[in-house]
Each structure stands twice: as C-alpha cells, then as structure tokens.
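Observations on the three-dimensional arrangement
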Amino acid sequence: MKKFINAKIYRNDEASEILVDDGKIVEIGNSLADADEVIDLDHKLVSAPFVDPHLHLDYVFVAGDGTGEGSGDSKSGTLFEAINRWPEIKKNQTVKDVKERIYKGLYEEMRHGVQAIRTHIDVTDPKFTALKAMLEVREEVKDKVDLQIVSFPQNGMYAFKGGAELVEEGLKMGADCVGGIPHFEWAREFGEKSIHEVVRLAVKYDKLIDVHCDETDDTHSRFVELLNALVLSEGIGKRTTASHTCSFGSADNAYAFRMMDLFKKSGMNFTSQPTENVYLQGRQDSYPKRRGITRVKEFIENGINVCFGQDSINDPWYPLGNGNLMNILDNGIHLAQTMSLPEIHTVLDLITINGAICLNMEDRYGIEAGKPANFIVLDAPNAFEAVRNRSDVLASVRHGEFLFKKKPVAYDVELSL
Ligand code: FE2
C-alpha cells in the first residue's frame with residue numbers, strides 16, 4: 001500500500017489523501033489507514049491527468065525550424081495549402097522515421113502531464129506507413145499512456161482516390177475511430193457522402209467517430225448539422241466527436257441556437273484547437289479578423305461537452321506547439337472569453353475530464369476509489385492559481401508510480417523588493 005498525503009485535489013475540498021494498492025485507488029479521504037510508503041505532495045494541486053483529445057502524432061516535427069532540414073510551414077498559413085503540400089512530404093516516410101517522431105511527440109506531451117491522447121493518423125496512403133508505425137507504438141507504450149487512433153483521410157475520402165476504402169481498411173487494421181474531412185472534399189455533395197460513410201463505418205465496425213468538421217471560416221460549411229443528425233438517429237452521439245467546427249463560430253445566431261438544441265439531444269462531443277485555429281483561420285479576412293474558434297463558451301453554458309486539444313506540434317499546419325496543455329488552455333479561455341472569476345475555477349475541465357468524456361474513457365478516469373491511480377501534481381495551491389500562472393506539472397503518476405517527478409524552480413538569487 002502507498003499513501004499520497006497533503007494533496008489539494010481538484011474539485012474535491014473534502015479529501016487530502018489518496019490510498020493506492022496494486023496501481024488502483026483504494027480510498028480517498030483524510031487520516032486514511034497506514035501504508036508501507038507515504039508520499040507528501042506538499043499541499044499542491046492534484047488533478048486527474050491531462051487529456052489531449054486531438055493530436056496528429058504522425059506529423060510532429062516535420063516542419064523543422066526553417067534553418068535546416070524540414071519541410072517548413074505553409075507560405076499562406078492556411079489549412080488548405082498545408083493539406084495540399086502534405087502528399088509531397090509523406091511519400092518518403094518510413095515506419096522507422098515516423099515512429100521516431102511519434103516518440104518525440106509523446107515525450108513532449110507526457111512531460112507536460114498528458115496521459116491520454118486521441119491521435120488522427122493519415123490513412124490516405126495505400127502503404128499505411130504512418131498507421132503501421134502508430135499501431136506499433138500504441139502497443140509499446142500502453143502501460144504509460146492511453147492512445148486512441150483515428151483512421152483519418154487527410155487528403156479526402158473522395159478527393160483522394162480510394163480514400164473511403166483506405167479508411168475502412170485502417171479500421172480493420174486496428175484504429176479505434178472513424179475520421180473524415182468533409183470541408184476538404186471537392187463538392188458539398190461529396191462532403192455529405194463522406195459523413196454518411198463515416199457513420200456507416202462506425203456502425204458496421206462498432207467504432208467511435210471523430211470528424212474534422214467545418215475547419216473553415218466559410219459559413220456555408222455546415223457538415224456538423226448532418227453529422228449530428230445521423231448520429232442522433234443512430235443513438236451514437238456520445239460516441240461521436242466533431243473536431244474544430246470553426247465555421248460554427250461564424251454562423252448566425254438563429255442557426256447556431258437551433259443547432260445547439262440538437263447537439264444537446266445527441267450528446268455529441270466537440271473539440272476545439274485554439275492555438276491552431278486562431279493561427280490558421282481568418283487568413284482571408286482583412287479587418288475585423290475572425291478568431292476561427294468554435295462557440296466554446298456557449299457549448300459550456302448549454303451543457304454540450306467541449307474540450308481543448310493541441311492538434312499540431314511543428315508541422316506544416318502550425319509551426320510551434322510543445323504538448324503543454326496549460327498553454328492551450330490559457331489561449332483557449334482568452335479566445336473563448338470563459339474567464340469570469342467562477343469560470344476560472346473549473347476551466348481545467350477543458351483539458352481533463354471533458355477530454356476523457358470525449359474519449360469515452362470515464363470508467364477508468366478520475367481520482368476516485370476503484371479507478372487506476374493516475375494523476376498529476378501541479379505547482380499551485382489551487383485551480384485558480386494554476387490557471388493564473390499556467391503552472392508547471394511537477395509530477396505525473398501512473399498506476400501509483402511516478403512517470404516523472406521534478407522539483408519546483410529554485411532560485412540562486414531571488415528577487416527582493
Ligand atoms: Fe486536426
């Protein structure tokens with residue numbers, strides 16, 4: 001038995017101790033039974049691990065820093081230029097080098113306290129180079145991080161010849177979720193056809209759904225409406241995620257309010273990628289320039305599950321990114337204006353439990369008796385201070401063992417005023 005004491009548990013003011021046995025939480029509370037080992041958490045904030053619900057692990061570190069090797073960023077900074085350049089970059093990849101980059105990406109995310117990731121893997125490649133690499137890594141690291149793989153047609157289900165069949169093959173090979181990219185298809189009809197195919201495949205193979213949906217400022221891009229209607233009819237809304245939905249941030253209120261009623265009915269999840277989309281969107285605007293993110297604040301107010309993801313780490317879509325979800329959260333709450341004083345106390349949900357709900361992993365997520373002893377320790381006394389300071393993650397605990405642990409910054413010479 002192992003006991004973690006002096007914990008300030010996020011959203012639990014009652015308990016300060018976590019008792020762990022055989023990698024599982026036995027009990028949380030105060031003055032719990034003696035244990036063989038006692039670990040003092042020094043009154044730091046303890047949260048369930050960060051969840052990144054949207055990341056492209058097969059793309060990480062492809063761009064380089066512009067001074068040496070690497071494919072660089074896109075000149076226009078638009079989504080569509082990056083997608084169109086991607087085939088030239090991916091054609092020379094090998095399983096070995098994709099795996100090396102995936103591990104670098106995982107290191108970046110995990111050193112910041114992430115323990116669950118949903119990654120979109122491009123399957124518009126008849127050799128499935130990236131998917132083979134990702135499936136191997138998922139198995140190799142399964143004790144350290146939960147990985148969900150989306151069979152994702154980056155270059156289109158129909159814009160890429162045979163794309164729909166490749167998505168299906170990706171599911172048979174072991175992907176967990178069906179992906180799609182309707183706003184990239186060559187006509188609205190093809191985009192709609194792709195949404196029908198995504199839902200058909202999810203039902204046929206009993207898979208989750210995560211669609212890159214309406215990642216554009218074009219208010220006529222409304223594929224989220226069809227996706228929601230189909231999963232509502234099938235009763236699989238909670239197993240479905242619409243990612244990005246940028247155009248919904250530009251839609252008029254009459255449409256948006258009608259749709260939000262229907263999203264509530266289906267229980268569909270949403271992911272928003274604030275740093276990525278504020279960088280990519282609004283590129284055709286002069287001024288005023290749109291922010292490019294979906295209606296995060298209104299989703300929260302309407303009880304629609306929404307979470308934040310990193311999306312890219314140094315790829316043609318986005319030059320920066322380091323897996324630090326506290327940075328994503330900080331950007332996201334500013335852009336979404338979810339920053340009233342009461343809201344700040346609970347916005348950590350956007351990079352923790354809301355992501356776990358999106359991944360359908362609530363049964364094994366959270367600081368509760370009977371669940372795996374997975375949690376992180378932040379360098380802050382409470383959630384408000386963690387958000388205000390974008391606090392560092394000092395430790396990540398997995399099945400009761402430290403994945404890493406570090407000390408808070410110590411000064412050689414401290415500022416004195
Ligand atoms: Fe994405």
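Above: the structure in question.
What you see is a predicted model; the values in this text were computed from it and never measured. (Residues numbered from 1 in each chain as written. Predicted model: local features only at pLDDT ≥ 70, side-chain atom pairs only at ≥ 80, totals over all residues. Heavy atoms only, no water.)

Some remarks on the overall build of the protein chain
- Within the protein chain one finds 13 helices and 15 strands.
- In terms of C-alpha radius of gyration, the protein chain reaches 21 Å, essentially the compact-globule figure of 22 Å for 417 residues.
- Oriented by its inertia axes, the alpha-carbon framework of the protein chain measures out at about 65 × 50 × 50 Å.
- Long-range pairs, those at least 24 residues apart, make up 76% of the contacts in the protein chain with a sequence separation of at least 6.
- Within the structure as shown, the protein chain displays about 18000 Å² of accessible surface, and the carbon and sulfur contribution to it stands at 50%.
- In the protein chain, the 48 positive side-chain charges and the 65 negative ones have mean positions that sit 3 Å from each other. (Helix = DSSP H or I, 4+ residues; strand = E, 2+ residues; numbered from the N terminus. Rg over C-alpha atoms; globule rule 2.2 N^0.38 Å. Contact = heavy atoms within 4.5 Å. Areas by Shrake-Rupley, 256 points an atom, 1.4 Å probe, with all protein chains shown as cover. Lys, Arg positive; Asp, Glu negative; His and termini not counted. Charge placed at Lys NZ, Arg CZ, Asp CG, Glu CD.)

Focus on the coordination of the iron ion
- The iron ion binds to the protein through His54 (NE2), His56 (NE2), His212 (NE2) and Asp311 (OD), with metal-donor distances spanning 2.2 to 2.5 Å.
- Here the iron ion binds four donor atoms, and the angle range of 84 to 172 degrees at the metal identifies the geometry as irregular.
- Coordination of the iron ion draws on donor residues from a single chain, spaced H-x1-H-x155-H-x98-D in sequence. Taken together, the residues span a long stretch of sequence, with His56 in the loop between strand S5 (50-55) and helix H1 (79-90) and His212 in strand S9 (residues 208-213) at a distance of 156 residues. We note that His56, like His212, is buried. (Donors = N, O, S within 2.8 Å, 3.2 Å for Na, K, Ca; no water. Tetrahedral: all angles 85-135°; square planar, octahedral: opposite > 155°, others 65-115°. Buried < 20%, exposed > 50% of the residue type's maximum accessible area, 1.4 Å probe, protein only.)

Some thoughts on the sheet that holds strand S11 (residues 269-272)
- Read from one edge of the open sheet, eight strands run S5-S6-S7-S8-S9-S10-S11-S12, paired in parallel fashion. Strands at the two margins of the open sheet, each flanked by one partner only, are S5 and strand S12 (306-308).
- With five bridges joining them, S9 and strand S10 (residues 240-244) adopt parallel strand pairing. Looking across to S10, one finds that Ile209 is bridged to Thr240.
- Contacting strand S7 (146-152) and strand S8 (177-178), helix H4 (residues 163-173) crosses the sheet at an angle of about 155 degrees to S7. (Pairing = 2+ DSSP bridges. Axes fitted to C-alpha atoms, helices over the stretch in contact; angles between N-to-C directions.)

Examining the packing of aromatic side chains
- A complete count under the given rule lists 13 aromatic pairs for this structure.
- With a centroid separation of 6.3 Å and an interplanar angle of 75 degrees, the aromatic rings of Phe4 and Phe402 are classed as edge-to-face. Here Phe4, found in strand S1 (residues 2-9), pairs with Phe402, found in strand S15 (residues 401-405); they are 398 residues apart in sequence, far enough to count as distant.
- A cation over an aromatic ring shows up here: Lys104 above the ring of Phe61, its NZ or CZ 4.4 Å from the ring centre.
- Lying across the ring of Tyr158, Lys193 places its NZ or CZ 4.4 Å from the centre. (Phe/Tyr/Trp six-rings, centres within 6.5 Å; stacked < 30°, edge-to-face > 60°. Lys NZ or Arg CZ within 6 Å of the ring centre and 35° of its normal.)

Structural notes on helix H3 (residues 129-140)
- For H3, which comprises 12 residues, the first-to-last C-alpha distance of 17 Å matches the rise-based estimate of 16 Å (1.5 Å per residue) to within 8%.
- Within H3, the full set of buried residues consists of Thr129, Ala130, Leu131, Ala133, Met134, Leu135 and Val137.
- Here the buried face of H3 lies against helix H2 (95-110), strand S6 (114-122), S7 and H4. (Expected span 1.5 Å × (residues − 1).)

Details of the pattern of salt bridges
- Applying the stated criterion to the full structure yields 28 salt bridges.
- For the salt bridge of Lys91 with Glu88, the shortest nitrogen-to-oxygen distance reads 3.1 Å.
- The class for Glu88 is exposed, based on a relative accessible area of 54%.
- For Arg200, the salt bridge is made with Glu168, and the minimal N-O distance between the two is 3.8 Å. With Arg200 in helix H5 (residues 188-205) and Glu168 in helix H4, this residue pair connects regions lying 32 residues apart in the sequence.
- Residue Glu168 is classed as buried on the basis of its relative accessible area, which comes to 14%. (Salt bridge = Lys/Arg side-chain N within 4 Å of Asp/Glu carboxyl O.)

Notes on the packing of H2 against H3
- Running from N to C, H2 and H3 point in directions that differ by 50 degrees, and their axes come no closer than 9 Å. Classed by the angle they form, the pair H2 and H3 counts as oblique. Between H2 and H3 lies a crossing whose hand is right-handed. Contacts from Val95, Val98, Lys99, Ile102, Tyr103 and Leu106 of H2 reach H3 at Thr129, Ala130, Lys132, Ala133, Met134, Glu136, Val137 and Glu140.
- Residue composition of the contact of H2 with H3, by class: nine nonpolar, one polar and four charged. (Parallel < 35°, antiparallel > 145°, perpendicular 65-115°, else oblique. Left-handed = near helix turned anticlockwise from the far one by under 90°. Nonpolar A, V, L, I, M, F, W, Y, C, P; charged D, E, K, R; others polar.)

Some thoughts on the side chain of Thr245
- Position of Thr245 relative to the elements: it lies in the loop between S10 and helix H7 (253-266).
- Among the polar contacts listed, one links the side chain of Thr245 to the side chain of Thr294, at a separation of 2.8 Å.
- Sequence-distant contacts of Thr245, that is, excluding residues within four places in its chain, are made with Cys213, Asp214, Val224, Phe270 and Thr294. (Polar contact = N/O pair within 3.5 Å; in protein donor to acceptor, adjacent residues only side chain to side chain.)

Examining the nonpolar core
- Ranked by internal contacts, the top residues of the largest apolar core, which has 83 residues, are Phe50, Phe263, Leu329 and Leu348.
- Top element by residues in this core is helix H10 (residues 325-336). It accounts for seven residues.
- Look past the residues within four positions of Leu348 in its chain and what remains in contact with it is Tyr10, Leu45, Phe50, Met326, Leu329, Ala383 and Val387.
- Counting 25 residues, the second largest nonpolar core, distinct from the first, contains Ile9, Val46, Met361 and Ala373. (Core = buried A, V, L, I, M, F, W, Y, C linked by side-chain atoms within 4.5 Å.)

Describing the pairing of S10
- Counted residue by residue, S10 has five buried out of five residues, so it is predominantly covered.
- Tracing the backbone out of S9, into helix H6 (residues 223-234) and back to the parallel element S10 gives a crossover that is right-handed.
- Relative to S11, S10 runs parallel, the two sharing three bridges. Bridging across to S11, Thr241 finds its partner in Asn269.
- In terms of handedness, the path from S10 via H7 over to S11 forms a crossover that is right-handed. (Right-handed = clockwise from strand over helix to strand, strands pointing away.)

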